[in-house]
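# Coordinates in review
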Amino acid sequence: MTYLDHAATTPMLEEVISTVSQQMHTVGNASSLHTSGRAARRMVEEARERLAAALDARPSEVVFTGGGTESDNLAIKGIYLARRAENPARTRLLVSAVEHHAVLDAVQWLAAHEGAEVEFLPVDGYGMLDPAALAASIERDPESVALVSVMWANNEVGTVQPIAEIAELTAEHGIALHSDAVQAVGALPVSFAASGVDAMTVTAHKLGGPYGTGALLLKREVSCVPLLHGGGQERDVRSGTLDTPGIVGFALAAELAVQRRAASAARLAELRDQLISGIRAQVPDVLLNGHPTERLPGNAHLSFPGCEGDSLLMLLDARGIECSTGSACSAGVAQASHVLIAMGADEPRARGSLRLSLGHTSSEADVLAVIDSIAAVVERARRAGMASGALTAASLPAAARPSGSQLSSLGGRI
Amino acid sequence: MRVLAAMSGGVDSAVAAARAVDAGWDVTGVHLALSRQPATLRTGSRGCCSVEDSHDARRSADVLGIPFYIWDFAERFQAEVIDDFVAEYEVGHTPNPCLRCNEKIKFAALLDKALALGFDAVVTGHHAKLIDGQLMRSVDAGKDQSYVLAVLTAEQLSHAVFPLGDSTKDQVRAEAAQRGLAVADKPDSHDICFIADGNTQGFLQKQLGERPGDIVDSSGAVLGAHSGAFGFTVGQRKGLNLTTPAPGGEPRYVLSIQPKSNTVVVGSARDLEVDLVCCARPVWTSSALTADFECLVQLRAHGMVSGAAITLAADGQLVARLTEPQRGVAPGQALVMYDGDRVLGSATITSAERVCMTA
Ligand SMILES: Cc1ncc(COP(=O)(O)O)c(C=O)c1O
């Protein structure tokens, strides 16, 4: 099997599996006062310190959660509500148009229920935010901005955002900045302390850790209203009995991912480039989405004009090659990706896209398997695209057909 | 053989897929997403378009151990079925969206895509038989769906598989239970899947707005008012809200809808009877018939069967002279021709009238 969907989740590391299962044999609620409880607490606190060290944060800045989605929701809703409580004029939320749904849907919820005014910051054809657009948006009325949220690296097209510049802008105006770094940790150098980010989302299962465990790194001076009320286990910001095995596994996975990062990134970038050029040799009109250089090392996001992503996915799956379509799955129905749309892609380009994402188990054999199959798969999918009468570039009236130059401005031919 | 099983999330398509697996074929399950904004949960007996239905389809595929995908046909469904449905009502016709969906989506868009992707056929859970390429009624007369399949051409049928035609619905349910399919006792769907609340009139009004007009009798005398002629169907009795009672108090029915004058014509049950039905667009499910012939015709999805003499006009028109007059023959519905249980073909009803008064 050729697993090329590491951006969705990556196989758990063997070391993590044995550590987690070992910890599962041990009883103890980290809030209990007896010996077992103290032992569990010790494991959690050691994990907190190790995770903090791996991400260059302070242990007291780590709030363990149930994963990336929870961390995003906590940051967006919690910080918005806290900052608005401090000053009722702060109702503006500035977020990039290419955020994960965990951020997008959270801000939309705040707009619908908590009077938030959301501004979606535009991105260029590569999916990159222009800091000048953020500056202009802030300067329109800096006092009214509750929170800025820009992801570190995009989960679909892999584009890396200029977080340092963004953090400078928010710091200048004393505005809180959240960044979803789910895809960045283990792929790019990430230092929470140096980043200038006030709140950062991380999740274990993208690093070789267990599912359903994550953290929000939250600066101590940033107040955040809790979403889950109860025992107040995590700094009174997050309640719920701590998942000791998960947390221990998370810390180990993060440590290993960060330790191995430089070598792994170099190896994956090389495999990815081989994958992209190999596909390009087979399918000359393939288009690369996302930034040509400022991108995640394991991400190849491609559009195959005239094909439907779901046809490509099924045909590859039947050949033992697993990847994602470039579309977000919303309510079980594939919708054209908001990321590609924000990048200015037309429907056919958005519909005909695939995300192939490499990770720690990927090898050259995986790359060769794709290169081997892709021509036949694309040819088939193209016929199916025509047959089912989908809106392909070829079937559009000439006036609506994107010109070559328009297409290449969206990220360029490979 | 590689087949694609269209799985709605209902019991029929799940058992049909299971039988395809038993036949030793290479089966892939596909659920068609027909709405861009699907409801989360299914309500009552409506539809196959909720997220819960796609979940049910997925769970059936899991039990059968076959690959499963959701394919988005929402755009095509909107253009070919929903828009057509509204447009047909707007001109005073009574469309059958299930038939249209088979004609334009399941055995056109889906089948074409399946064939292009390397599948040999599409398997569905329709209650009908295909024997040597001949479309036949199901053994379960009450559940027979040959009517809504009679718009398919021989070419389309050559790539269709209906594994349920020899079973009654009860047998299908029992088999589903015995196979451990959770949908075994899921209620049947029998309303229009894209009208979630079952209120067709309300749906049409939302699409077309209010268009008030008169309800008249055959002489043109005004008997009441309506808020949109498109909301009526020939043969309809309820919901007329007439202000002038009929002489003798006998019930009155919709006889016709006149979109040009925006009037609804009503009359007695007897006025409703027709014995000459004119149709367009004949489709032959096996070989095309060219000479006049006698057969059975069915004029609605359920019931309304009569003997008929069929005349084929040079301009592609098809005229059926019914041996037994029928009430409530509505333009837009299909006339399906049968030789016993065997489907010969279908045509779209354009008008109907009473010519012979002896019956
Ligand atoms: C950028 C990004 N944010 C958030 C999430 C959600 O994280 P989780 O799956 O841990 O809830 C994901 C992954 O699905 C992601 O890629």
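## Some words on the overall build of chain B
When its secondary structure is counted, chain B shows 8 helices and 17 strands. The C-alpha radius of gyration computed for chain B amounts to 21 Å, which stays within 12% of the reference 21 Å derived for 359 residues, consistent with globular compactness. Taken over the C-alpha atoms alone, chain B extends approximately 65 × 50 × 35 Å along its principal axes. Taken across its 359 residues, chain B has 55% of its residues classed as buried. Considering only contacts within chain B whose residues lie at least 6 apart along the sequence, 64% involve residues at least 24 apart.

## Some thoughts on the confidence of the model for chain A
The pLDDT averaged across chain A works out to 92; a share of 91% of its residues lies at or above 70. pLDDT under 50 marks residues 390-414 of chain A. Its contacts with residues more than four places away, or in other chains, come to 47 contacts.

## Overview of helix 2 (residues 35-54) of chain A
Residues and elements named next belong to chain A. Its 20 residues place the ends of helix 2 28 Å apart at the C-alpha level, agreeing with the 28 Å of an ideal helix rising 1.5 Å per residue. For helix 2, the set of buried residues is Gly37, Ala40, Val44, Ala47, Arg48, Leu51, Ala52 and Ala54. End-on view of helix 2: buried residues confined to an arc of 160 degrees, all on one side of the axis. Among the exposed residues of helix 2, those pointing more than 90 degrees away from its buried face are Thr35, Arg42 and Ala53. For helix 2, the secondary structure elements touched by its buried residues are strand 2 (62-65), strand 8 (214-218) and helix 8 (244-282). One or two steps after helix 2, the chain reaches aspartate 56, where phi turns positive at roughly 55 degrees.

## Focus on the site of the ligand
Residues and elements named next belong to chain A. Around the ligand there are 13 residues in total, and Gly68, Thr69, Asp180, Thr203 and Lys206 lie nearest to it. Between threonine 69 and the ligand, the recorded distance is 2.5 Å, taken from a side-chain N or O atom to an oxygen atom. The separation between an oxygen atom of the ligand and a polar side-chain atom of histidine 205 is 2.9 Å. Here the ligand loses 85% of its free accessible area of 390 Å² to cover by the protein chains.

## Thoughts on a negative patch on the surface
Residues and elements named next belong to chain A. Among the surface-exposed residues, Asp124, Asp130, Glu139, Glu165, Glu168 and Glu172 lie close enough to one another that they form a single negatively charged patch. Here the negative patch gets 3 residues from one element, more than from any other, and that element is helix 6 (residues 163-172). Considering the arrangement of structural elements, one finds glutamate 139 in helix 5 (residues 131-139).

## Some remarks on the pattern of salt bridges
All names here are of chain B. In total, this model carries 44 salt bridges over all chains according to the counting rule given. Across the pair arginine 2 and aspartate 26 runs a salt bridge whose closest N-O atoms are separated by 3.7 Å. Here arginine 2, found in strand 1 (residues 2-6), pairs with aspartate 26, found in strand 2 (residues 26-33); they are 24 residues apart in sequence, far enough to count as distant. By relative accessible area, arginine 2 is classed as partly exposed at 26%. Measuring nitrogen to oxygen at the nearest pair gives 2.5 Å for the salt bridge that ties arginine 179 to aspartate 22. One end of the pair, arginine 179, is in the loop between helix 7 (169-178) and helix 8 (200-208); the other, aspartate 22, is in helix 1 (residues 11-22), with 157 residues separating them in the sequence. Overlapping salt bridges bring together Asp12, Lys143, Lys169, Arg173 and Asp188 as one network.

## Looking at the domain arrangement of chain B
All names here are of chain B. Partitioning chain B into structural domains gives domain 1 (2-185), domain 2 (210-271) and domain 3 (273-353). Distance from the C-alpha centre of domain 2 to the C-alpha centre of domain 3: 26 Å. Each partner contributes residues to the interface: domain 2 has 6 residues there, and domain 3 has 7 residues. The contact between domain 2 and domain 3 buries some 450 Å² in all, and 50% of this surface belongs to carbon and sulfur atoms. If you sort the residues of domain 2 by the area they bury against domain 3, Val234, Ala269 and Arg270 come out on top, with a joint share of 75%. Viewed at the interface, domain 3 and domain 2 are joined by 1 salt bridge. A salt bridge links arginine 270 to glutamate 273, with the shortest nitrogen-to-oxygen separation between them at 3.9 Å. Across the side of domain 2 that touches domain 3, the residue classes break down as 2 nonpolar, 2 polar and 2 charged.

## Points about the sheet that holds strand 3 (residues 68-72) of chain B
Residue and element names in this part refer to chain B. Spatially, 5 strands are ordered 3-2-1-4-7 in an open sheet, and the strand pairing comes out parallel. A single partner strand is all that each edge strand has here, and the edge strands are strand 3 and strand 7 (160-161). Summarising the sheet, strand 1 and strand 2 pair through 5 bridges and their orientation is parallel. Looking at strand 2, one finds that valine 3 is bridged to valine 27. Lying on the sheet, helix 1 is in contact with strand 1, strand 2 and strand 4 (121-123); it crosses strand 1 at an angle near 165 degrees.

Each value, and the rule that gives it
- Residues numbered from 1 in each chain as written.
- Chains lettered and ligands numbered in written order.
- Predicted model: local features only at pLDDT ≥ 70, side-chain atom pairs only at ≥ 80, totals over all residues.
- Heavy atoms only, no water.
- Helix = DSSP H or I, 4+ residues; strand = E, 2+ residues; numbered from the N terminus.
- Rg over C-alpha atoms; globule rule 2.2 N^0.38 Å.
- Buried < 20%, exposed > 50% of the residue type's maximum accessible area, 1.4 Å probe, protein only.
- Contact = heavy atoms within 4.5 Å.
- pLDDT = per-residue confidence, 0-100.
- Expected span 1.5 Å × (residues − 1).
- Arc of directions from axis to C-beta.
- Near = heavy atom within 4 Å.
- Polar contact = N/O pair within 3.5 Å; in protein donor to acceptor, adjacent residues only side chain to side chain.
- Areas by Shrake-Rupley, 256 points an atom, 1.4 Å probe, with all protein chains shown as cover.
- Patch = residues over 30% accessible without salt bridge, like charges linked within 9 Å, V, L, I, M, F, W, Y side chains within 5 Å.
- Salt bridge = Lys/Arg side-chain N within 4 Å of Asp/Glu carboxyl O.
- Lys, Arg positive; Asp, Glu negative; His and termini not counted.
- Charge placed at Lys NZ, Arg CZ, Asp CG, Glu CD.
- Domains from an automatic or database assignment.
- Buried area = accessible area lost by both parts, 1.4 Å probe.
- Nonpolar A, V, L, I, M, F, W, Y, C, P; charged D, E, K, R; others polar.
- Pairing = 2+ DSSP bridges.
- Axes fitted to C-alpha atoms, helices over the stretch in contact; angles between N-to-C directions.

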